[in-house]
Amino acid sequence: MTPILYSYRRCPYAMRARMALKYSGIEVEHREIELRHKPSSMLLASPKGTVPVLCIDGLILDQSLDIMRWALGRSDPDGWCVLDESLSQAWIEKNDGSFKMLLDRYKYLNRYPELNQVEVLSTAIDLMLAPMEASLQSSRYLLGDRITLVDVAIFPFIRQFSMVDPQGFGELPLPFLKQWLNHHLQSELFNSVMHKHPVWMD
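These numbers come from a predicted model, not from an experiment. (Residues numbered from 1 in each chain as written. Predicted model: local features only at pLDDT ≥ 70, side-chain atom pairs only at ≥ 80, totals over all residues. Heavy atoms only, no water.)

1. Quick look at the layout of surface pockets
It is a probe the size of a water molecule, rolled over the atoms, that shows where empty space is left. Where we set the bar: Of the two site types, the cavity is a set of points on a 1 Å grid over the protein atoms alone where a 1.4 Å probe fits but cannot get out, and the pocket is an open set with protein on both sides within 12 Å along at least five of seven lines, each lined by residues with an atom within 4 Å of a point. Grid points are joined across faces, edges and corners, and a volume is the space filled by probe spheres set on the points. Numbered from the N terminus, helices here are DSSP runs of H or I no shorter than four residues, and strands are runs of E no shorter than two. Under the grouping applied here, Gly and all other residues not named as nonpolar or charged are polar, the nonpolar ones being Ala, Val, Leu, Ile, Met, Phe, Trp, Tyr, Cys and Pro and the charged ones Asp, Glu, Lys and Arg.
Each pocket or cavity is described by its volume, and for the largest pocket that value is around 660 Å³. What lines the largest pocket is a set of 26 residues, and nearest its centre among them are Cys-11, Pro-12, Tyr-13, Lys-100 and Gln-160. Taken together, the elements giving at least two residues each to the lining of the largest pocket come down to helix H1 (12-23), helix H3 (64-74), helix H4 (85-107) and helix H6 (149-164). Looking at the lining of the largest pocket residue by residue, the class counts come to 11 nonpolar, five polar and 10 charged. The calculated volume of the second largest pocket comes to roughly 350 Å³. Lining the second largest pocket are 16 residues, and of these Lys-22, Val-28, His-30, Ser-192 and Val-193 lie nearest its centre. When contributions to the lining of the second largest pocket are tallied by element, the ones reaching two or more residues are H1 and strand S2 (29-32). Per-element accounting of the lining of the second largest pocket gives the leading share, three residues, to H1.

The following block contains the structure:
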C-alpha cells in the first residue's frame, strides 16, 4: 500500500520530510492540507494536528525527523546518514530548538511587541548563522564535503529566515552561508518537492 503523506507546501518541517522521501525514491500519496481546515483523517491519525504526517500500513510517523530517518533507513544512496552522530544531533537540536524560536520571533515580530527585530537578528546570527558560516568556510557542507541529513534538516529553516527580510539578509557578511543556501535552493531535489498540489479534502 502506498504511504500517505499529509503535508503543507511552505512548512519547513514538511519540506525536509518531502526531500528525504524523494531522495530515497519512496513514492507517497501526497495530501496537501489547508492549515485552517485540517482533514479529519489526518487528525484521526495524528491528533496533534501538525504536518508532516506519514501513514504506512498502520504505522504513523508525525515527526519530520522520524520520517527522514525512516526514509533513509530504506534507501540512502549517497550516505546522508554516514556522519558524526554527536555533531549531527548538536546542529539539529540547536536548529529545531533555540533557532526555531528566534525564527518565529523574527518572522512574526508583531506578535512580540516587546522585542526588537535588530536584536532578534543579532541573536540569531550569534547562535546559528555565524557558526554555520564558520563551518562552511572549510567545507562545502556542514559536516564535510558531502551532503548529509544535517544540511537537509536545517536548510528549510535558513531559507525561511532569509525570506523575512531578503534585502537585509543579502547584506549580511555571510558569503559561505549564502552560497550553501543558494546551492540548496537551486537543487533539483528541492525544486522537485515544491510543486503545488491541490488541497486534499476528506
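Still to come is the rest of the account.
2. Notes on H3
The condition that has to hold: For the exposure calls, accessible area comes from a 1.4 Å probe over protein chains only, and a residue counts as buried if that area is under 20% of its type's maximum, exposed if over 50%, partly exposed in between. In what follows, residue pairs with any heavy atoms lying within 4.5 Å of each other are defined as contacts.
Taken together, the buried positions of H3 are occupied by Ser-64, Leu-65, Ile-67, Met-68, Trp-70, Ala-71 and Leu-72. Elements that come into contact with the buried residues of H3 comprise strand S1 (4-7), H1, strand S3 (53-56), strand S4 (59-61), H4 and H6.

3. Observations concerning the nonpolar core
Filter applied, for reference: What makes a nonpolar core is a set of buried Ala, Val, Leu, Ile, Met, Phe, Trp, Tyr and Cys residues whose side-chain atoms join them at distances within 4.5 Å.
With 54 residues, the main nonpolar core has Leu-129, Met-132, Ile-154, Ile-158, Phe-161, Leu-177 and Trp-180 as its most contacted residues. Where this core is concerned, the elements lending two or more residues are H1, S3, H3, H4, helix H5 (117-136), H6 and helix H8 (175-185). In terms of residue count, H6 provides more of this core than any other element does, nine residues in total. Those residues in contact with Trp-180, other than ones at most four positions away along the chain, are Met-132, Leu-136, Arg-140, Tyr-141, Leu-142, Asp-151, Ile-154, Phe-155 and Ile-158.

4. Side note on the side chain of Glu-133
Defined as follows: Only four residue types enter the charge count, namely Lys and Arg as positive and Asp and Glu as negative; His and the chain termini do not. Within this document, salt bridges are pairs made up of a side-chain nitrogen of Lys or Arg and a carboxyl oxygen of Asp or Glu, the two lying within 4 Å of each other. Each polar contact in these results corresponds to two N or O atoms within 3.5 Å; when the atoms are within protein, one needs to be able to donate a hydrogen and the other to accept it, and residues that are neighboring in sequence are counted only if both atoms are side-chain atoms.
Within the element layout of this structure, Glu-133 appears in helix H5. An unpaired buried charge is present at Glu-133: no salt bridge exists, and Lys-178, the closest side chain of opposite charge, is 8.0 Å distant. Looking at Glu-133, its side chain comes within polar contact range of the main-chain nitrogen of Leu-177, at 2.7 Å. Those residues in contact with Glu-133 that lie beyond four places of it in its chain are Pro-173, Leu-174, Pro-175, Phe-176 and Leu-177.

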